[in-house]
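# Topology and contacts: notes
The lines below spell out each chain.
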Amino acid sequence: SQTIHQWPATLVQPVGSPLSLECTVEGTSNPNLYWYRQAAGRGLQLLFYSVGIGQISSEVPQNLSASRPQDRQFILSSKKLLLSDSGFYLCAWSWRSGANVLTFGAGSRLTVL
Amino acid sequence: DAKTTQPNSMESNEEEPVHLPCNHSTISGTDYIHWYRQLPSQGPEYVIHGLTSNVNNRMASLAIAEDRKSSTLILHRATLRDAAVYYCILREGIQGAQKLVFGQGTRLTINP
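Let me sum up the structure you'll find in this document.

The rules behind these values
Residues numbered from 1 in each chain as written. Chains lettered and ligands numbered in written order. Predicted model: local features only at pLDDT ≥ 70, side-chain atom pairs only at ≥ 80, totals over all residues. Heavy atoms only, no water. Helix = DSSP H or I, 4+ residues; strand = E, 2+ residues; numbered from the N terminus. Rg over C-alpha atoms; globule rule 2.2 N^0.38 Å. Buried < 20%, exposed > 50% of the residue type's maximum accessible area, 1.4 Å probe, protein only. Contact = heavy atoms within 4.5 Å. Areas by Shrake-Rupley, 256 points an atom, 1.4 Å probe, with all protein chains shown as cover. Lys, Arg positive; Asp, Glu negative; His and termini not counted. Charge placed at Lys NZ, Arg CZ, Asp CG, Glu CD. Phe/Tyr/Trp six-rings, centres within 6.5 Å; stacked < 30°, edge-to-face > 60°. Lys NZ or Arg CZ within 6 Å of the ring centre and 35° of its normal. Pairing = 2+ DSSP bridges.

## Some thoughts on the overall build of chain A
When you go through chain A residue by residue, the secondary structure sums to zero helices and 11 strands. Along the chain direction, N to C, the helices and strands of chain A fall in the order β-β-β-β-β-β-β-β-β-β-β. Scaling as 2.2 N^0.38, a compact globule of 113 residues should have a C-alpha radius of gyration of about 13 Å, and chain A matches this with 13 Å. When its C-alpha atoms are laid out on the principal axes, chain A stretches across 40 × 25 × 20 Å. The 113 residues of chain A split such that 49% are buried. In chain A, 56% of the contacts between residues at least 6 apart in sequence involve partners at least 24 apart. Surface summary for chain A: the accessible area is close to 5,100 Å², and the carbon and sulfur share equals 53%. Distance from the positive charge centre (8 side chains) to the negative charge centre (5 side chains) of chain A: 6 Å.

Have a look at this one:
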């Protein structure tokens with residue numbers, strides 16, 4: 001069976017500090033990978049999605065970047081965090097073909113102070 | 001991007017059926033309709049999906065209009081654990097470049 005791991009679960013970072021959130025998927029190959037963000041009390045915003053190693057599509061201009069160094073690894077980064085980067089970050093994967101049903105990780109809650 | 005429109009909130013009683021509507025008037029022929037739900041402080045959970053025909057699974061039923069411009073998620077007998085935000089979204093794009101964009105969803109409250 002497939003599992004998705006996301007870490008860290010919680011972090012508090014000062015403004016201007018770097019960020020690295022990691023997501024890995026087990027039990028599948030060639031998955032589509034996604035990063036979403038949810039601000040407090042809001043819906044989910046699609047940040048990045050990837051259909052293969054090194055292939056990243058960015059949905060909104062922002063202070064964040066994503067990388068996919070390995071087939072089942074997806075990393076969300078920032079060089080300098082802003083207060084507005086606070087939120088609940090969710091990684092998800094789907095099969096590449098068919099209906100692309102999403103399976104989400106447990107999420108990483110980021111607070112920027 | 002194709003979009004979906006849902007009511008901001010709905011309320012129902014325990015053990016009664018719940019019908020959650022979704023409009024997607026700009027849907028294209030290859031767009032799948034997905035439903036997810038999210039409990040507080042958790043990631044969304046897949047509920048059901050469909051393309052053209054009505055679908056049933058252990059969690060819910062999905063009724064898709066003949067013109068595919070709207071759909072309804074049906075919870076046959078709501079429980080308190082069904083209280084969540086329900087998202088109706090479209091799987092857009094061609095094979096190899098698919099994406100799923102969430103809207104604001106419907107906050108479902110279940111009264112005991």
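This is not the end of the story, as more comes after the structure.
## Structural notes on the packing of aromatic side chains
Inspection of every chain in the model, using the stated rule, returns 11 aromatic pairs over all chains. Ring centres of Tyr36 of chain B and Phe102 of chain B lie 5.6 Å apart, and the angle between their planes is 50°; this geometry places the pair in the tilted category. With a gap of 66 residues between them, Tyr36 of chain B in strand S3 (residues 32-38) and Phe102 of chain B in the loop between strand S9 (99-100) and strand S10 (106-111) connect regions that are remote in the sequence. The ring centre of Phe88 of chain A lies 4.4 Å from the NZ or CZ of Arg109 of chain A, which sits over that ring.

## Brief notes about the pairing of S3 of chain B
All names here are of chain B. Most of S3 sits out of view: six of its seven residues are buried. Where S3 and strand S8 (residues 84-92) come together, seven bridges link them in antiparallel fashion. Each bridged residue has a counterpart across the sheet, and for His34 the counterpart in S8 is Ile89. Across five bridges, the pairing between S3 and strand S4 (residues 45-50) is antiparallel. Looking at S4, one finds that Arg37 is bridged to Glu45. Adjacent in sequence and paired antiparallel, S3 and S4 are bridged by six residues, among which Ser41 carries a positive phi angle near 65°.

Geometric values such as these leave the question of function open.
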